[in-house]
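Working through the structure, step by step
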Amino acid sequence: MPIIRVSILRCKPDQFAEFKEMMAESNAVLEPGIRRMRGIIHYYAGADHAASSLTNVSIWQTLADAQQLDTFQPMLDLGKVFVAKGATFERPIMNYASLWEIVP
């Protein structure tokens with residue numbers, strides 16, 4: 001069963017629109033490198049306006065595959081930009097072992 005990696009960013013409500021735009025723009029920087037990573041199955045970026053929260057959820061073949069993001073420099077660099085502007089990231093980043101799935 002795959003690994004589900006969840007990274008959560010939280011911000012002040014009045015900053016949400018700015019961070020949402022930054023997250024959308026991050027795709028251009030992150031996608032090429034993530035696509036080349038071993039074991040990637042799916043990658044999603046999402047936004048929850050009501051919770052002033054953004055998330056990256058990715059599905060990987062193994063835990064070691066998911067942990068490649070821990071040292072992916074473009075992501076680390078972008079994270080510093082988000083933090084400098086006032087965002088906070090929940091730590092540790094969670095890597096869940098799949099227990100079950102529903103396939104439509």
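Described in the following lines is the structure provided in the data block.

Brief notes about the packing of aromatic side chains
A complete count under the given rule lists 2 aromatic pairs for this structure. Considering the side-chain rings of Phe 82 and Phe 89, the 6.4 Å spacing of their centres and the 75 degrees angle between planes classify their relative orientation as edge-to-face. Judged by relative accessible area, which is 5%, Phe 82 ranks as buried. Assessed through its relative accessible area of 24%, Phe 89 is described here as partly exposed. Aromatic rings pair up to connect Phe 19, Phe 82 and Phe 89 into one cluster.

Comments concerning the pairing of strand S2 (residues 40-48)
Pairing analysis gives 8 bridges linking S2 to strand S3 (residues 53-60), with the strands arranged antiparallel. Across the sheet, Ala 45 pairs through a bridge with Asn 56, a residue of S3.

Procedures and definitions
The residue count restarts for each chain, going from 1 along the sequence in the order it is written. Local features in this predicted model are restricted to residues whose pLDDT is 70 or higher, and side-chain atom pairs enter the listing and the counts only when it is 80 or higher, whereas totals over whole chains, interfaces and linings include all residues. Side-chain measures here rest on the full set of heavy atoms in the structure, leaving out hydrogens and waters. In summary, the pairing rule links any two rings of Phe, Tyr or Trp, Trp by its six-membered ring, whose centres are within 6.5 Å, and it sorts them by plane angle into stacked for under 30 degrees, edge-to-face for over 60 and tilted for everything else. A 1.4 Å probe rolled over the protein chains alone gives each residue an accessible area, and that area as a share of the maximum for its type sets the label: buried under 20%, exposed over 50%, partly exposed in between. A pair of strands is treated as paired once DSSP finds two or more bridges between them. For helices the rule is a DSSP run of H or I covering at least 4 residues; for strands it is a run of E covering at least 2, with both sets numbered from the N terminus onward.

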